[in-house]
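# Structure at a glance
In case you want the letters, here they are:
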Amino acid sequence: MRREVYKIQSSFTNKSMEIIVYGHFGINFLLFPITDDDPYEYEKIGLIEAIEPLIEKGHIKLFSVQTNNLDSWLNENIPYEERSHQHYLFNQFVVNEVKQFIYDDNGSPVPIVTCGAGIGGYHSVNSYLRRPDIFIGSIGANSFYDIQWLSKNYYDENCYYNSPIHYLPNLEDNYWLSFLQSQKHLYLIAEQGNLKMINQANRLGEILQNKRIEHKIEIIDCSIYPNDNVNKTMLTSVFKLRI
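First, a word on scope: everything that follows refers to the structure included in this document. Owing to the predicted nature of the structure, the values given are computational and were not obtained by experimental measurement.

### Things to note about the overall build of the protein
On a plain count of helices and strands, the protein comes out with eleven helices and eight strands. Its C-alpha atoms put the protein at 45 × 40 × 35 Å along the principal axes. The 243 residues of the protein split such that 55% are buried. Taking the intrachain contacts of the protein between residues at least 6 apart in sequence as the baseline, contacts between residues at least 24 apart amount to 70%.

### Let's talk about the pairing of strand β7 (residues 186-191)
Most of β7 sits inside the fold, with five of its six residues counted as buried. As paired elements, strand β6 (residues 135-141) and β7 share four bridges and run parallel to each other. Counterpart to Ile 139 in the pairing with β7 is Tyr 187. Sheet analysis places β7 next to strand β8 (residues 216-220), joined by five bridges and oriented parallel. Bridge assignment links Leu 188 to a residue of β8, and that residue is Ile 217. Crossover handedness for the path β7 to helix α10 (residues 195-210) to β8: right-handed.

### Quick word on the pattern of salt bridges
Evaluated as defined, the whole model comprises ten salt bridges. With a closest N to O distance of 2.8 Å, Arg 2 and Asp 105 form a salt bridge. Residue Arg 2 is located in the segment before β1 (3-9), and its partner Asp 105 is located in helix α4 (residues 80-106); the two are separated by 103 residues in the primary sequence. A relative accessible area of 11% means that Arg 2 is categorised as buried. Within the structure, one salt-bridge network assembled from shared partners comprises Arg 2, Glu 4, Lys 61 and Asp 105.

### Considering the side chain of Ser 143
Along the polypeptide, Ser 143 turns up in the loop between β6 and α6 (148-151). When its relative accessible area of 1% is taken as the criterion, Ser 143 is described as buried. A polar contact of 3.2 Å, which involves the side chain of Ser 143, links it to the backbone oxygen of Gly 118. Reaching out from Ser 143, the side chain makes a polar contact with the backbone oxygen of Ala 141 at a distance of 2.8 Å. Setting aside residues no more than four positions away along its own chain, Ser 143 makes contact with Gly 116, Ala 117, Gly 118, Gly 121, Tyr 122, Met 197 and Gln 200.

The rules behind these values
Within every chain, residues take consecutive numbers counted from 1 along the sequence as written. Per-residue local features of the predicted model are confined to residues with pLDDT of at least 70, and side-chain atom pairs are confined, for both listing and counting, to 80 or more; whole-chain, interface and lining totals are unaffected and use all residues. Side-chain numbers come from the whole structure's heavy atoms, not from hydrogens or water. Strands are runs of DSSP state E lasting at least 2 residues, helices are runs of H or I lasting at least 4, and numbering of each runs from the N terminus. Remark: exposure states derive from per-residue accessible area (1.4 Å probe, protein chains only) relative to the maximum for the residue type, with buried under 20%, exposed over 50%, and partly exposed in between. What makes two residues a contact is simply this: any of their non-hydrogen atoms within 4.5 Å. Two strands qualify as a pair provided DSSP detects at least 2 bridges between them. We call a crossover right-handed when, viewed with both strands directed away from the observer, the connection leading from the first strand over the helix to the second proceeds clockwise. Within this document, salt bridges are pairs made up of a side-chain nitrogen of Lys or Arg and a carboxyl oxygen of Asp or Glu, the two lying within 4 Å of each other. Pairs of N or O atoms within 3.5 Å make up the polar contacts considered here, provided that, within protein, one atom can donate a hydrogen while the other can accept it, and that residues adjacent in sequence are counted only when both atoms are side-chain atoms.

This is the structure in structure tokens:
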């Protein structure tokens, strides 16, 4: 299996950002880390090994990207206004430099599905809903879709435009809605018994339904694999059943 590590010197985050590429061919997935910024996290929890047959057969190709959560919402040493700005810069990094890296690695523009769990699931679904002209679908597992899970009591315009629970109900632009309403690959996954994450998936699901945006909510029983990381269990299930 191809596994290559690259570094992008980002003009937006102003630092070197790692991307790990797994595979040569298949549907392109952009993975966002689960807890902080570590692009190796999906290797560490065993997900890459679990879905390696899909990668080797050319069904899927993965790009695991370093994030900047520790420079933005998780950085308690800077004001919330700066945290919000750093989030804005990360979004620019994704839709400009990461997108172009994926295109270059494939030799041409290609459809991309975003994917992640935890805070990575938030970035995954938010990135897709904001730019369905770039991304064709998304998987969010055990994730929140309200920016105030990160921003707490702080709320500015950038927060609004990065909080699907808030901006999506007000989306009326037919240009963006036409993308979202024509695509069929949005999965909101939650662990059985995790009521907070189930509630987040259902809240967003109600908004998506009102906007006639096709999606699927799946509640997965992870207790059948008691020794596995729950995020590995959920994402492996989606990859193996849906790809």
